[in-house]
Amino acid sequence: MPEWLKDAVFYEIYPQSFKDTNSDGIGDLNGIIEKLDYVKSLGANALWINPCFDSPFKDAGYDVRDYKKVAERYGTNEDLIHLFEEAHARGIRVLLDLVPGHTSDTHEWFIKSSQYEENEYSGRYVWTSNAFEGIGGHPYISGMTERYGAYMLNFFASQPALNYGWLNRTEKWMSAVDSPEALATIEAMKDVMRFWLDAGCDGFRVDMADSLVKNDDENKSATAKIWRSVREMLDADYPEAALVSEWSNPKQAINGGGFHMDFYLDHWHNGYNTLLRDYETGGEDNSFFRAEGKGDIMRFLDDYLPKYRVTSKNGYISMFTCNHDTPRPARTLSVPELKIAYAFILSMPGIPFIYYGDEIGMKFLDVRSKEGGYHRTGSRTPMQWDDTKNHGFSDCEEEKLYLPVDQSENAPSVKAQEEDPDSLLNTVRSLTSLRHRFKDLQADASFRTVYAVREEMPFVYERGNLLCALNPSKQGVRIRLSECRGRKAVYTIGEAEIEHEILTIGPQSFAVFE
Ligand code: GLC
Ligand code: CA
């Protein structure tokens, strides 16, 4: 386990929308470099950058055309290497986004794979032998290639599935997981990883990490085995490198696949979603962090605790404020609500991720789909730095902007919030610095619930020797807890105090006691 992960706080950057330095309306690597001091000021010491590789951008870059080449619109490979250096000089690690399950259908491997003549790449993707038959319920395309057969899709129509073999093979054309072509795909992906690790990157966020082997078993054991071999490669040759999976099944990803971290994604009805985004279940918003919510932390804990217990010795569950696929939390949470939600995320075990702009409460905008974003596009709009043209994101003409900026009167900005000690931005800063100050708030320290009662406030939990208490509701509460005895607050949002064994915590408040 890389030592640096223990105190890592990640910041996710969607490069299109962070900072444009050459006035073409699209964010770029030099823009990220320019803002590294800002990232550091947030208390983030690691970055995850969404795919920045050559691509036709049918899925915002998750359709890679060349894994080893930075997309022109972001800069050059040299710029990316320069970014690694500048980040490292500030104590910031950089994870790139690895998309191992599919490429763009314009990738050279795929172009060769679709040719009539058999060649080195014929087995690189999942192909059937008959253009007139489908793939048993899996999405596929046929009729577009010289090659006889249909090819399987891993996501959108432009994203053919790379071939890692099938665990349960029911057709002759299905490769075995240990076939030469499946092994060659794994080697090709390891080669890509080595390429960027050798260039100075610190690891990868892995896109759809569970999607490799088809017809895998219920534990995804064949896919997990591939990732274990990747972990072995890292442990041997790049022991400081880290891997985080888009899987949302920590037992499979961490215990099975050897991932250092696994994202707790916004899946319907899972524990994480009940906290921030519980509004698609019939119109009513029951998110725990809403002041008017149902206030039921048990809906989170019932899902989280078993996952935490079986994986906490081997790796970390990663909670995020949001990501480029999910609605921003500000879609339904107000600033006072966000403060308590972020206090929770930044005081939990595992490794937290902050999505660019969430630290100022950027809104989820109602904008037209861009590059395959569809409903996700509203979380991908340009960062709001200040009150100058295009909120300081770019000095280009408005029509050239990658996506429109928030035009509303009360659009938050970094500049305005820097000046207000009570702003969301400064609250996030105080929370990250608190986490850095106390080992007991970091990734490894133990987690135990002290007071968690269905539909009641507050929620009290122990991290190591610290006691954390939060009350997102509108009513202040008071409870007696023996764990409170002799403690004093080291951090408070709102109002909270302990007298003997009595904890009093005001509305929309959070506190940490020593
Ligand atoms: C992941 C990415 C998403 C992308 C998809 C296909 O879910 O986060 O943005 O569209 O994979 O690569
Ligand atoms: Ca640019």
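Scoring rules and cut-offs
- Residues numbered from 1 in each chain as written.
- Chains lettered and ligands numbered in written order.
- Predicted model: local features only at pLDDT ≥ 70, side-chain atom pairs only at ≥ 80, totals over all residues.
- Heavy atoms only, no water.
- Pairing = 2+ DSSP bridges.
- Helix = DSSP H or I, 4+ residues; strand = E, 2+ residues; numbered from the N terminus.
- Axes fitted to C-alpha atoms, helices over the stretch in contact; angles between N-to-C directions.
- Contact = heavy atoms within 4.5 Å.
- Salt bridge = Lys/Arg side-chain N within 4 Å of Asp/Glu carboxyl O.
- Buried < 20%, exposed > 50% of the residue type's maximum accessible area, 1.4 Å probe, protein only.
- Donors = N, O, S within 2.8 Å, 3.2 Å for Na, K, Ca; no water.

A. Region of the structure containing the sheet that holds strand E15 (residues 466–471). Here five strands make up an open sheet; going across it, the order is E13-E14-E15-E20-E17 and the pairing antiparallel. Looking at strand neighbours, the two that pair on one side only are strand E13 (447–451) and strand E17 (489–493), the edges of this open sheet. Strand-to-strand twist of the sheet, defined as the mean angle between neighbouring strand axes without regard to direction, takes the value 20°. Two elements, strand E14 (residues 459–463) and E15, share five bridges in a ladder whose sense is antiparallel. Counterpart to Phe 459 in the pairing with E15 is Leu 470. Helix H12 (residues 424–437) contacts E17 and strand E20 (509–513) of the sheet and is inclined by roughly 160° relative to E17.

B. Focus on the pattern of salt bridges. This structure, assessed with the given rule, holds 33 salt bridges. Put simply, Asp 59 and Arg 376 hold a salt bridge, and the shortest N to O gap is 3.1 Å. Of this pair, Asp 59 sits in the loop between strand E3 (53–54) and strand E4 (66–70) while Arg 376 is found in the loop between strand E12 (353–355) and helix H11 (414–418), placing the two residues 317 residues apart along the sequence. Pair check on accessibility: Asp 59 and Arg 376 agree, each one buried. The partner of Arg 290 in a salt bridge is Asp 285, with the nearest N and O atoms 3.6 Å apart. One network of salt bridges, with partners in common, ties together Asp 59, Asp 325, Arg 376 and Arg 380.

C. Region of the structure containing the side chain of Thr 377. If you trace the backbone, Thr 377 turns up in the loop between E12 and H11. Looking at Thr 377, the relative accessible area reads 0%, which means it is buried. Beyond its immediate chain neighbours, meaning those up to four positions away, Thr 377 contacts Val 367, Arg 368, Ser 369, Lys 370 and Leu 403.

D. Looking closely at unusual backbone geometry. Of note, the bond from Met 457 into Pro 458 is cis; its omega dihedral lies within 30 degrees of zero at -5°. One can find Pro 458 in the loop between E13 and E14. Even without being a glycine, Lys 220 presents a positive backbone phi close to 55°. The residue Lys 220 is located in the loop between strand E8 (203–206) and helix H6 (221–237) in this model. Phi angles above zero are rare outside glycine, and Glu 371 is one such case at about 50°. Mapped onto the fold, Glu 371 is located in the loop between E12 and H11.

E. Structural detail: the coordination of the calcium ion (ligand 2). Taken together, the protein donors to the calcium ion (ligand 2) comprise Asp 20 (OD), Asn 22 (OD1), Asp 24 (OD), Ile 26 (O) and Asp 28 (OD), at separations of 2.3 Å. Mapping the donors of the calcium ion (ligand 2) onto the primary sequence yields the spacing D-x1-N-x1-D-x1-I-x1-D. The same class applies to Asp 20 and to Ile 26, which are both buried.

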